[in-house]
Amino acid sequence: MPTENFMDILFSNWQHTLQPFGVDQVAAEKAFNSLVAAYSTPGRYYHTLKHIDRVLSTIEILQGYTNNLAAVQLAAWFHDVVYDTQAQDNEQRSADYAFELLSNLNIPESTITTVTRLILNTKAHQAAVDDYDSQVLLDADLAILAANPIQYPEYAHAIRQEYSWVAEADYITGRQQVLEKFLQRSLIYFTPLMLEFAEPSARSNIQAEIQSLTSGCGF
């Protein structure tokens, strides 16, 4: 369970994200509580508030590349708000959730349109060459792939827990396919900073996970 201090920091970040839009304090807190409830549902081991915090922290580092920082931050908050490993429409449902909640907070329609587009782009993890906001969100979302040798196995284990309903052999096959798709990309990351500092580690981690899956030894 998240600590009180962690939740305070997270709420402060949420308030900071909404600040440019002059959202009513009570409405902001109510919306935050809805997000906390959504990210605390049973069956989540990786796609939790901790993940959202990490994504937001990475966006902060990469913010110089953004055109619309507030929209990128809002998209980060909502991009996994609906997460069901047995469903295929999580991104669409997360975008719909964002649309409804942000509309209720009277966020400008143009911002909401950008936020929902950014969320939908997390499905294929692809962004146009000039779509810098999507590039930053996707790089932040995939930053975990470049995690250190302690954090990466924890991430891989958490993903396995989220798919605990899948038989071991089927999981190995499916997970390997997902990982190999990333390796087959000419570049995993888009932003210059992530390309320089995260790309080599991410490829190394992915190869190590594939090796552990195929050998059956685990990390």
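Everything that follows concerns the structure shown earlier in this document.
Here is a short report on the structure shown in this document. (Residues numbered from 1 in each chain as written. Predicted model: local features only at pLDDT ≥ 70, side-chain atom pairs only at ≥ 80, totals over all residues. Heavy atoms only, no water.)

### Topic: the nonpolar core
The condition is simple: The nonpolar core is taken to be a set of buried Ala, Val, Leu, Ile, Met, Phe, Trp, Tyr and Cys residues, with the residues joined through side-chain atoms within 4.5 Å. Buried means the residue's accessible area, taken with a 1.4 Å probe over protein chains only, is under 20% of the maximum for its type, while exposed means over 50%, and partly exposed covers the values in between. Contacts are residue-level and defined by heavy atoms, with any inter-residue pair within 4.5 Å sufficient.
Among the nonpolar cores identified, the biggest contains 66 residues, and W14, W77, F78, L102, L105 and L145 are the most heavily contacted of them. In this structure, F78 is in contact with W14, L35, Y39, S94, Y97, A98, L101, L102 and I119, ignoring residues within four places of it in sequence.

### A few points about the packing of aromatic side chains
Going by this rule: The rule is short: rings of Phe, Tyr and Trp, with Trp giving its six-membered ring, pair when the centres are within 6.5 Å, and they are stacked under 30 degrees, edge-to-face over 60, tilted in between. Secondary structure elements follow DSSP: runs of H or I no shorter than four residues count as helices, runs of E no shorter than two count as strands, and numbering proceeds from the N terminus. The criterion for a charge sitting over a ring is simple: Lys NZ or Arg CZ within 6 Å of the ring centre, and within 35 degrees of the ring normal.
Counting across every chain of the model gives 9 aromatic pairs. Summarising the aromatic geometry, the rings of W14 and F78 are spaced 6.2 Å apart at their centres and angled 65 degrees between planes, so their arrangement reads as edge-to-face. Within this pair, whereas W14 is found in helix 1 (residues 4-18), its partner F78 is found in helix 4 (residues 69-78), the two being separated by 64 residues in sequence. F78 carries the same exposure label as W14, and that label is buried. Aromatic pair Y163 and Y171: ring centres 6.2 Å apart, planes at 45 degrees, arrangement tilted. Taking the relative accessible area as the measure of exposure, Y163 reaches 25% and is therefore partly exposed. The ring of Y171 has R160 lying over it, and the distance from NZ or CZ to the ring centre is 4.3 Å.

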